[in-house]
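Geometric and topological summary
Now for the letters of each chain:
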Amino acid sequence: MVTKAPLTSSPIPTTTPATFSTTTANSSLLNSTAPGSSLVPPAWIRNDFMRAVMLSMQVLGTLQAILIIGANLLLLAAILTSSLLRSRMRNKLVINVVVANLFVGVLGAPFTVDYTVREQWVHGCYFIVILIVLVAFVQNFISMWGVVALLLHYLARLLRYEGPRWLGRLPAWLQRALPALLIASPWLVAGVLLLPMIFGGLNRDVLTVWNDNACPLVLEKWAKSVLNALSFFVPAVVLIVLVILLVLFRHKQEATKEDVAPSRAETGQAVMSATAQELESCWVHVLVAVLSVLMMGPEHTFLIVRRGPWKHILIASVVIHFLSDMLPFVVALVWLLMLPDVRGRVKEGATKLWANVVSFTTRSPPQAAGTTSVTPVTFRDLHDE
């Protein structure tokens, strides 16, 4: 769980037991990061309450890493081992989100656990910057906008929209490159838009205490607000609008199907059955969109409105960040269970694996050279004689 508190987007706590404010938090951070020292928690963090919090973060972080990596690697294997599944644009967009979500399981959770065990950051300055940028910013951005792209792609297929006519007049090589450009666009936008904003919005006081051991990322208020909007609030609004449009269109489509005239019933059923064969259920994408908003919403809202005693803030922070960081596992599980082609591929792979296991365990051992095979005689054989 890489905590994304308002004053820092890193696994390094910067709150103090006193009433939380920008001044006290920055002072705590500056005092705990003297030049040439490792990033070590202040003395107040080592009481019984904080030890319990750290232990819970270790358990939750380990569980997160196992579930996120396992589910997303299984999803990747199901898609990448089938040429048919790899060729579908929807699955390419799914892979985009899966790769971003793996940042949480491979980088975020394990190194947060490492920090809570060691009680200090020992992996150097540049790595903590890369870790925070990838997990706290890029992953959120790619995940949310990736779900938006999946909903738009589903709506285009549902409406049988093939794009503007001018696309057909483009050179063949450019038409072939367009899907790759579409898939890469969230990453390109993240690099062009987010990275300059992150490094341009760094708190200048914190930059003075950066050293070879640790470089905590503490952002100015304007940078935090804009990044939160781009990474969550704007795509969340777009998702809500798209979900409403999708549900209304499906409802209208079902009503049209029921009211079709008897003379056109067969034609209407044929069109609907053809669409149903090509499309998965719309509720897959609706569920993923709703889960994305509900599970990430509390975290980003908490960054703005958090109030109360520091212990309550800390407990709420751990719970909310755990909920948010479980989203990569939940989304992968939804896709594994509810996308028919992916579910069928997983079932096929599991069947083959089980057959191989059974075949291996029941296979008789090879006989040594020069030995004679002896067939056992049963009671029935003796009786027949």
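We now turn to the structure provided with this report. No experiment lies behind these values; they were computed from the predicted model shown.

Details of the state of the cysteines
Inspection of the entire model under this criterion finds one disulfide. The disulfide partner of Cys125 is Cys215, and the S-S distance across this bridge is 1.6 Å. Since a negative S-S torsion denotes a left-handed disulfide, the Cys125-Cys215 link at about -105° is left-handed. Taken together, the residues span a long stretch of sequence, with Cys125 in helix α5 (residues 125–158) and Cys215 in the loop between α7 (204–207) and α8 (221–258) at a distance of 90 residues. Taking the relative accessible area as the measure of exposure, Cys125 reaches 10% and is therefore buried. Taking relative accessible area as the criterion, Cys215 reaches 1% and is therefore assigned buried.

Focus on the packing of aromatic side chains
Per the stated rule, a full pass over the model turns up six aromatic pairs. Taking the centre distance of 6.4 Å and the plane angle of 50° together, the rings of Phe111 and Trp121 count as tilted. Within this pair, whereas Phe111 is found in helix α4 (residues 89–118), its partner Trp121 is found in the loop between α4 and α5, the two being separated by ten residues in sequence. Ring centres 6.3 Å apart and planes at 50° place the aromatic pair Phe141 and Trp145 in the tilted group. A residue pair is termed a helical-turn pair when its members lie 3 or 4 positions apart in one helix, as Phe141 and Trp145 do in helix α5 at four residues. On the accessibility criterion, Trp145 (24% relative accessible area) is partly exposed. Taken together, the aromatic side chains of Phe111, Trp121 and Phe127 make up a single cluster linked through ring pairs.

Let's talk about the nonpolar core
Among the nonpolar cores identified, the biggest contains 79 residues, and Leu75, Ile198, Leu239, Leu246, Trp335 and Val342 are the most heavily contacted of them. Within the residue set of this core, elements represented by two or more residues are α2 (48–80), α4, α5, α6 (172–200), α8, α10 (282–305) and α12 (327–338). Per-element accounting of this core gives the leading share, 20 residues, to α5. Beyond its immediate chain neighbours, meaning those up to four positions away, Leu75 contacts Val94, Val98, Ala332, Trp335, Leu336 and Val342. Within the second largest apolar cluster, seven residues are counted, among which are Met50, Met54, Met57 and Val318.

A short note on the pattern of salt bridges
Taken as a whole, this structure holds seven salt bridges when the rule is applied. Note that Asp341 is salt-bridged to Arg88, the shortest N-O span being 2.5 Å. Note that Asp341 is positioned in helix α13 (residues 340–362) and Arg88 in the loop between α3 (83–87) and α4, a separation of 253 residues in sequence. For Arg88, a relative accessible area of 32% corresponds to the partly exposed category. Glu280 serves as the salt-bridge partner of Arg157, at 2.6 Å between the closest nitrogen and oxygen. Separated by 123 residues along the polypeptide, Arg157 in helix α5 and Glu280 in the loop between α9 (265–278) and α10 bring together distant segments of the chain. Since its relative accessible area comes to 24%, Arg157 is described here as partly exposed.

Thoughts on unusual backbone geometry
Trans peptide bonds make up most of the peptide bonds, and negative phi angles are found at most residues other than glycine. One non-glycine residue, Arg160, lies in the positive phi region at around 55°. Structurally, Arg160 is set in the loop between α5 and α6.

Side note on the packing of α10 against helix α11 (residues 310–325)
At a minimum axis separation of 8 Å, α10 and α11 run at an interaxial angle of 145°. For the crossing formed where α10 meets α11, the hand is left-handed. Mapping the contact onto sequence places Met295, Met296, Pro298, Glu299 and Phe302 in α10 and Ile313, Ala316, Ser317, Ile320, His321, Leu323 and Ser324 in α11. Tallied by class, the residues present in the contact of α10 with α11 amount to eight nonpolar, three polar and one charged.

Here's the deal with the environment of Thr116
Checked against the element boundaries, Thr116 lands in helix α4. In sequence terms Thr116 and Ser56 are 60 residues apart; their C-alpha atoms lie 9.6 Å from each other.

Let's talk about the packing of α2 against α11
The contact between α2 and α11 brings their axes to 10 Å, and the two run at 5°. Classified by the interaxial angle, the pair formed by α2 and α11 is roughly parallel. Packed against α2, whose contacting residues are Phe49, Met50, Val53, Ser56, Met57, Leu60, Gln64 and Ile68, the element α11 presents Trp310, Lys311, Leu314, Ile315, Val318, His321, Phe322 and Asp325 at the interface.

What to know about the side chain of Asn91
Secondary-structure assignment places Asn91 in helix α4. When neighbours within four sequence positions are excluded, Asn91 is seen to be in contact with Ile79, Leu85, Asp341 and Val342.

What about a nonpolar patch on the surface?
On the surface, a nonpolar cluster with roughly 500 Å² of combined accessible area is contributed by Val247, Trp283, Leu287, Leu333, Leu337 and Met338. Where the nonpolar patch is concerned, the elements lending two or more residues are α10 and α12. Ranked by residues supplied to the nonpolar patch, first place goes to α12 with three residues. Tracing the backbone shows Leu333 in helix α12.

Cut-offs applied
Residues numbered from 1 in each chain as written. Predicted model: local features only at pLDDT ≥ 70, side-chain atom pairs only at ≥ 80, totals over all residues. Heavy atoms only, no water. Disulfide = S-S within 2.5 Å. Helix = DSSP H or I, 4+ residues; strand = E, 2+ residues; numbered from the N terminus. Buried < 20%, exposed > 50% of the residue type's maximum accessible area, 1.4 Å probe, protein only. Phe/Tyr/Trp six-rings, centres within 6.5 Å; stacked < 30°, edge-to-face > 60°. Core = buried A, V, L, I, M, F, W, Y, C linked by side-chain atoms within 4.5 Å. Contact = heavy atoms within 4.5 Å. Salt bridge = Lys/Arg side-chain N within 4 Å of Asp/Glu carboxyl O. Axes fitted to C-alpha atoms, helices over the stretch in contact; angles between N-to-C directions. Left-handed = near helix turned anticlockwise from the far one by under 90°. Nonpolar A, V, L, I, M, F, W, Y, C, P; charged D, E, K, R; others polar. Parallel < 35°, antiparallel > 145°, perpendicular 65-115°, else oblique. Patch = residues over 30% accessible without salt bridge, like charges linked within 9 Å, V, L, I, M, F, W, Y side chains within 5 Å. Areas by Shrake-Rupley, 256 points an atom, 1.4 Å probe, with all protein chains shown as cover.

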